[in-house]
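A structural walkthrough
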Amino acid sequence: MNPGTEWLVAESLWWDGRLRHGEALELHDGVPVAAVPAARVPSGADRRRLPGTLLPGLCDAHAHSALVDLGAVRAGGIAAVWDLGGVPAAVAALADRAARPGSGLPRIRHAGPFLTAPGGYPSDRPWAPPGSWREVRSPADAAEAVGEAHAGGATLIKVTLHAGGPMPSPATLTALVDAAGGFGLPVVAHAEGPGTVAAAYRAGAGVLAHTPWTEALDAGLVRDCAARMTWISTLDIHGWGSPDPAQETAIGNLRAFLSQGGTVRYGTDLGNGPLPLAVNPRELRALQRAGMSPDDILTAMTAPAAEPCWIPGGLGLDPDTFADVLATARVVGPEVRPRE
């Protein structure tokens, strides 16, 4: 038996799209790898028995580590985050620290700096720390910028398209996507304003950092996006609990995207205003309004490569109570040792 293998046993387990009973979660070095019948856990194996429901690690796919307390984020039930723009060396060091057992931090996948046009977003924003963006001046410069991010440990590339200021030219944007593809790195585009979603799609970007919110998208563009893009939700940044017209537009776009078979990742843009440093029930309810079921939402949130999570009181899939129940999730680290 692998010395890094252990099993978690609970009253129920959500895994691979459904709620299961009588199964255990197999972990290798603290990370879930499989659901197995509890009766097949080897006699004498390292096991922990917990009340409630187990599930793979919950991931917030849009965060900015420099702007939030990541220890609080993990304590609030988030086992992993995607850092979508920060000072490269600082984020990489934090990611290395987070990968060590007992760090008290969520696992971090990061994009390195924002790649933007000279003078482009977010270089003109006071919240963006110096060094968190990298200006890309030409298609030739694009390959160098992506190479720098990759060398710094980035496993994503973040590009910004903000219609309110300078944006990369179509040729430069395509060169960024092509260079990222050469390293096998997905490109996450911040697309804000008329024409930016279409520009990201045409260039081949695979992920939008936000559900589009500035205008209702053309049905044909939504259909095209659904065929090969993933959208990160970030619905609660519009009103932070007091939904505004931008949230209604975003939910409408997301509903259309889902109806065409589009893929969604749960993300909140942690660091952007008064968002819970935890599982955000307001984001969950907004996803439900867009037409996602509890199982859909869990699929959009879970990241098996992170420490598992659990719901001490048990997880029900009743749509009326789901958001508040999931918000009680906690990360199962080595410090969690319930009594047998």
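From a predicted model like this one, the values you see are computed outputs, not experimental measurements. (Residues numbered from 1 in each chain as written. Predicted model: local features only at pLDDT ≥ 70, side-chain atom pairs only at ≥ 80, totals over all residues. Heavy atoms only, no water.)

1. A closer look at the packing of aromatic side chains
Short version of the rule: Between rings of Phe, Tyr and Trp, where Trp is taken as its six-membered ring, a pair exists when centres lie within 6.5 Å; planes separated by under 30 degrees are stacked, by over 60 edge-to-face, and by other angles tilted. Segments assigned H or I by DSSP are reported as helices when at least four residues long, segments assigned E as strands when at least two residues long, and all are numbered from the N terminus. Here the term buried applies to any residue with accessible area under 20% of the maximum for its type, exposed to any over 50%, and partly exposed to those in between, with areas from a 1.4 Å probe on protein chains only. Definition used: whenever NZ (Lys) or CZ (Arg) falls within 6 Å of the ring centre and also within 35 degrees of the ring normal, the charge is taken to sit over that ring.
Taken as a whole and assessed by the stated rule, the structure comprises three aromatic pairs. With 6.0 Å between their ring centres and 65° between their planes, Phe-114 and Trp-127 make a pair best called edge-to-face. Note that Phe-114 is positioned in strand S11 (residues 114–116) and Trp-127 in the loop between S11 and strand S12 (133–135), a separation of 13 residues in sequence. Given a relative accessible area of 2%, Phe-114 falls into the buried group. Ring pairing ties together the aromatic residues Phe-114, Tyr-121 and Trp-127, which thus form one cluster. Looking at Arg-109, its charged tip hangs above the ring of Trp-82, at a distance of 5.1 Å from the centre. Over the ring of Tyr-201 we find Arg-228, and its NZ or CZ is 3.9 Å from the ring centre.

2. Looking at the sheet that holds strand S14 (residues 187–192)
The condition is simple: A pair of strands is considered paired only if DSSP assigns at least 2 bridges between the two. Whether two residues are in contact is decided by their heavy atoms, any of which lying within 4.5 Å being enough. Note on geometry: axes are lines fitted to C-alpha atoms, helical ones only across the stretch in contact, with angles between N-to-C directions running from 0 to 180 degrees.
Judged by pairing direction, the sheet is parallel, and its seven strands sit side by side in the order S12-S11-S13-S14-S15-S16-S17 without closing on themselves. In this open sheet, the two edge strands, each paired with only one partner strand, are S12 and strand S17 (263–265). Of the strand pairs in this sheet, strand S15 (residues 207–208) and strand S16 (residues 230–232) are connected by two bridges, and their pairing is parallel. Of the residues in S16, the one forming a bridge with Val-207 is Thr-230. The sheet contacts of helix H7 (residues 245–259) involve S16 and S17, and relative to S17 the element is tilted by about 130°.

3. Digging into the pairing of strand S4 (residues 23–28)
The two faces of the sheet receive side chains in turn, since in a regular strand these alternate between them. Counting buried positions along S4 yields five of six residues, so the element is predominantly enclosed. Two strands pair when backbone bridges link them, and S4 and strand S5 (residues 31–37) are joined in this way by six bridges, in the antiparallel orientation. For Ala-24, the partnering residue across the bridge sits in S5 and is Val-36. Between S4 and the antiparallel strand that follows it, S5, lie two residues; Asp-29 among them carries a positive phi value of about 55°.

4. What to know about the nonpolar core
Test applied: Each nonpolar core is a collection of buried residues, namely Ala, Val, Leu, Ile, Met, Phe, Trp, Tyr and Cys, held together in the definition by side-chain atoms within 4.5 Å. Per the annotation, domain bounds derive from an automatic or database assignment of domains.
Membership of the largest hydrophobic core comes to 92 residues, with the highest contact counts inside it found for Leu-58, Ile-157 and Leu-326. Broken down by element, the residue count for this core peaks at six residues, all from helix H4 (residues 170–182). In terms of domain composition, this core takes at least three residues from each of domain 1 (5–55 + 306–331) and domain 2 (59–301). Once you skip the residues sitting within four places of it in the chain, Leu-58 turns out to touch Gly-77, Ile-78, Ala-79, Ala-80, Val-279, Met-301, Thr-302, Cys-309, Leu-326 and Ala-329.

Worth remembering: the numbers are spatial, not functional.
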